[in-house]
Amino acid sequence: MAGWGAAEQQNTGKQVRSAALPVTFADTVGLFMPAVAPSRDAAVLFLSPWGFEEMCVRKFWRILAEDLADTGIASLRFDYPGTGDALDVADEGLAAWVEAALAAAAELKALSGCERLILVSQGLGGTIAATLGERLSGVDGIAFLAPVISGRAYLRELTVWSRMIDESMGLSEAQRQTEGVTVASLRMPDGIADVVRKLNLMTLDRLGTPNCLVLTRPARPGDIDFAHHVETLASHVEQAVYEGYDDLVSNPTVATMPMAAGRKIVEWARSVATRPAAIGSAGLIPPAAEPLAGEGFRETPARFGKGERMFGILCEPQGARTGATALLLTTAYDRHAGWGRMSVTMARALARDGIASLRFDTANVGDSPPLSGAPEQVLYSREQYRDVAEALDFLEAKRLLPAYLVGRCSGGYLAFQAAVRDARCDGLVTVNPYSFHWDESKSVDEALRFAPRSLETYGRKLLQRETLKRLFGGQIDAKNAMLNMATGLARRGMRTSRRLLGAFPFFAAAQGPVLSGFRALARRGVDMSLIYSAHDIGLDHLHDQFGENGAGLKHFPDIRLTIIPEADHNLSPPYARKVYLREVREMGLRLGKPVTP
């Protein structure tokens, strides 16, 4: 059997692996991966965790699906109502998620030709799996990966998790979203939180399956107790340590895929699905996914690019199209739904104003497989320019040009670089790009691990009692913080010296790649909007190129510079997102012309 991650390794050759086949059902989007090898008699249904954990696990699910396919097991992964690409629904508690999972099970059986299912769950998905085991016939196995055993303990853990994430983003207490259960700008519906609070998997008295796999998190004795409880409910139970769990769920940008755990899951699923299927799914192509319709918009999941290697969601107005099409780029390794579902919310709001959009995963991000021969680290890579070009090809084929690029952080960098290279880009909105030029001699991984902040942010944090406690307690990497502050001071000193000597930075760096790029865009008449949070580190880099307060930007009359006060890098406060949406909407309407749908 091929080892876990073999699907990733295959992409270093010439063959391009296609993205999974999109399907729609029960007001949600699913991704079906047919078996590649001779099909087995059971298919895998993925039951995801919630919120930030789901963002971190998204790529892991895709790799698992590919490796399961290579061993002859088809699979389906999907979004619960009100999450990811699914339509929003009234808060009906956990019951709506269970009903969506039941619909997904029926869809998977129809697509794969298998009557037997294996449920692979993580986090809160374990509760859904246990419920499906009771309500479905033909569940041959359930895998519990880091399950939520006690709902009360889980909600307390989410509170700690939320504070840690907000702290890592430099959010002040006033900027934090603390209403209800909120993590990384994602709020759990109150009805679901009420149900979760009462959950206790230790009270389960049956599972409805003979086979179970329990992956326990290190240093969580409750997970081991649950594994022992499962042994009283199922005849064949395997237990293993979920190696790499903490590195997987710490941050989607720097998440490390848990290879040992992946191998264990694939081997276990293969041991459960031992018989050949009567009807195989290999080569099966379901009909094109039907659009999901919401208030003022319709969304169609699609594969595109060479070999249909990328996955995205095309969001179009229900009525006439009156604006240019926005190409919404991902940030780092966040899935195309965006941080806090920002891209979903933006796409649907734009559609209501007549502006179409495409949000998609670039290669090796979320649901899009790696590009053949590309490096594992794709951020700030030239390889991503090809992804944007093929997305524009897709829009052109759909007669959805003119188009403009929209991106935050690394997505803003990619938007700028792609716009310079592709004349089909008529506009550009960047938010908090770390830089517009990447020195390829530098390590992206190192930069991501020790991402610096602005001097103002460091100064503000040092005055906070909590920061001082964490500093003296060894919870903050003081060495790298001091190094980053020293770098910022040196950069600021160089800008001051240039100003005192009368050397205006705009002219001093006139031949630099950033200014050359801006000049090229200006010659083409590309509409440009630069948005920064007031204390973002990217603003320091902008000042390096254009002087204090971006004075040199006056030489580019088509550029608008917007500074958002009291906002973090991810634009967590709702008012910051409104500014972002306004800029994207206004550009779309400026660039667009009335088009007959």
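Since we're looking at a predicted model, the values are computed, not measured. (Residues numbered from 1 in each chain as written. Predicted model: local features only at pLDDT ≥ 70, side-chain atom pairs only at ≥ 80, totals over all residues. Heavy atoms only, no water.)

Caption draft 1: Geometry of the packing of helix α3 (residues 95-112) against helix α4 (residues 125-135). At a minimum axis distance of 10 Å, the contact between α3 and α4 shows a crossing angle of 60 degrees. One element, α3, and the other, α4, form an angle in the oblique class. α4 is crossed by α3, and the crossing has right-handed handedness. Together, Trp 97, Val 98, Glu 99, Ala 101 and Leu 102 of α3 and Ile 128, Thr 131, Leu 132 and Arg 135 of α4 make up the contact between the two elements. (Axes fitted to C-alpha atoms, helices over the stretch in contact; angles between N-to-C directions. Helix = DSSP H or I, 4+ residues; strand = E, 2+ residues; numbered from the N terminus. Parallel < 35°, antiparallel > 145°, perpendicular 65-115°, else oblique. Left-handed = near helix turned anticlockwise from the far one by under 90°. Contact = heavy atoms within 4.5 Å.)

Caption draft 2: Broad picture of the packing of aromatic side chains. Inspection of the entire model under this criterion finds 20 aromatic pairs. A ring pair is formed by Phe 304 and Phe 360, whose centres lie 5.5 Å apart and whose planes are at 70 degrees; its orientation type is edge-to-face. Taken as a pair, Phe 304 in strand β12 (residues 297-304) and Phe 360 in strand β15 (residues 357-360) lie far apart in primary sequence, 56 residues in all. Neither Phe 304 nor Phe 360 differs from the other in exposure class; each is buried. (Phe/Tyr/Trp six-rings, centres within 6.5 Å; stacked < 30°, edge-to-face > 60°. Buried < 20%, exposed > 50% of the residue type's maximum accessible area, 1.4 Å probe, protein only.)

Caption draft 3: Representation of the sheet that holds strand β16 (residues 403-408) in the model. With mixed pairing, the nine strands of this open sheet are ordered in space as β11-β12-β13-β15-β14-β16-β17-β18-β19. Since the sheet does not close on itself, it has two edges, and those belong to β11 (292-294) and β19 (559-564), each with one partner. Here the average twist between neighbouring strands, direction ignored, is 20 degrees. Bridging between strand β18 (residues 527-533) and β19 involves six bridges; their strand directions are parallel. Of the residues in β19, the one forming a bridge with Ser 529 is Arg 560. Docked against the sheet, helix α11 (residues 383-397) engages β12, β13 (310-317), β14 (325-328), β15 and β16, running at close to 145 degrees with respect to β15. (Pairing = 2+ DSSP bridges.)

Caption draft 4: Structural view of empty space enclosed by the protein. According to the stated counting rule, one finds six cavities of 30 Å³ or more in the structure shown. In this model, the largest cavity occupies a volume close to 150 Å³. Around the largest cavity, the lining is made up of 15 residues, and of these Leu 329, Thr 331, Gly 338, Ser 343 and Tyr 580 lie nearest the centre. Here the lining of the largest cavity is composed, by residue class, of seven nonpolar, five polar and three charged. (1 Å grid on protein atoms, 1.4 Å probe; cavity = no way out; pocket = protein on both sides within 12 Å on 5 of 7 lines; lining within 4 Å. Points joined across faces, edges and corners; volume = space filled by probe spheres on them. Nonpolar A, V, L, I, M, F, W, Y, C, P; charged D, E, K, R; others polar.)

Caption draft 5: Molecular detail of the sheet that holds strand β6 (residues 139-145). Judged by pairing direction, the sheet is mixed, and its eight strands sit side by side in the order β1-β2-β4-β3-β5-β6-β9-β10 without closing on themselves. Each edge of the open sheet carries a strand with a single partner, namely β1 (21-25) and β10 (236-241). Adjacent strand axes in the sheet meet at a mean angle of 20 degrees, parallel and antiparallel pairs treated alike. Bridge analysis of strand β5 (residues 116-122) against β6 gives six bridges, and the strand direction is parallel. Following the sheet pairing, Val 120 is matched in β6 by Ala 143. The strands touched by α4 within the sheet are β3 (42-47), β5 and β6, with β5 carrying the most contacts at an inclination of about 155 degrees. Seen against the sheet, helix α7 (residues 221-231) touches β6, β9 (211-216) and β10 and runs at an angle of roughly 170 degrees to β9.

Caption draft 6: Layout of the pattern of salt bridges. Counted according to the given criterion, the structure contains 41 salt bridges. With its nearest N and O atoms 3.1 Å apart, the salt bridge here joins Glu 54 to Arg 335. Of the two residues, Glu 54 sits in helix α2 (residues 52-70) while Arg 335 sits in the loop between β14 and α10 (342-352), which places them 281 residues apart along the sequence. Here Arg 335 falls in the buried class, since its relative accessible area comes to 3%. Among the ionic pairs, Asp 140 bridges to Arg 116, the shortest N-O distance being 2.6 Å. With Asp 140 in strand β6 and Arg 116 in strand β5, the pair connects residues that are 24 residues apart, well separated along the chain. A residue is classified by how much of its surface remains accessible, and Arg 116, at 32% relative accessible area, is partly exposed. Here the salt bridges share partners, and the residues they tie into one network are Glu 54, Arg 58, Arg 77, Asp 79, Asp 85, Asp 88, Glu 299, Arg 335, Arg 341, Arg 348, Arg 359 and Asp 367. (Salt bridge = Lys/Arg side-chain N within 4 Å of Asp/Glu carboxyl O.)

Caption draft 7: Region of interest: the environment of Thr 159. Position of Thr 159 among the secondary structure elements: in helix α5 (residues 151-168). A relative accessible area of 53% places Thr 159 in the exposed class.

Caption draft 8: Looking closely at the packing of α11 against helix α12 (residues 410-421). Taken N-terminus to C-terminus, the directions of α11 and α12 make an angle of 70 degrees; their axes are 10 Å apart at the nearest point. With respect to each other, α11 and α12 are oriented roughly perpendicular. In this structure, α11 crosses over α12, and the sense of that crossing is right-handed. Residue-level contacts link Gln 384, Tyr 385 and Val 388 of α11 to Tyr 413, Leu 414, Gln 417, Ala 418 and Arg 421 of α12. Split by residue class, the contact of α11 with α12 holds five nonpolar, two polar and one charged.

Caption draft 9: Representation of the nonpolar core within the structure. Formed by 133 residues in total, the largest nonpolar core has its most connected members in Leu 45, Leu 47, Phe 60, Leu 132, Met 188 and Tyr 580. Core analysis: the next-biggest nonpolar cluster, separate from the first, contains 49 residues, Met 310, Tyr 380, Phe 416 and Leu 515 among them. (Core = buried A, V, L, I, M, F, W, Y, C linked by side-chain atoms within 4.5 Å.)

Caption draft 10: Representation of the layout of surface pockets in the model. Approximately 980 Å³ is the volume attributed to the second largest pocket. Counting only elements with at least two residues in the lining of the second largest pocket, the list comes to α2, α3, β8 (186-188), α10 and α20 (574-591). Top contributing element to the lining of the second largest pocket by residue count: α10, with six residues. Classifying every residue of the lining of the second largest pocket by side-chain character gives 22 nonpolar, 13 polar and 12 charged.

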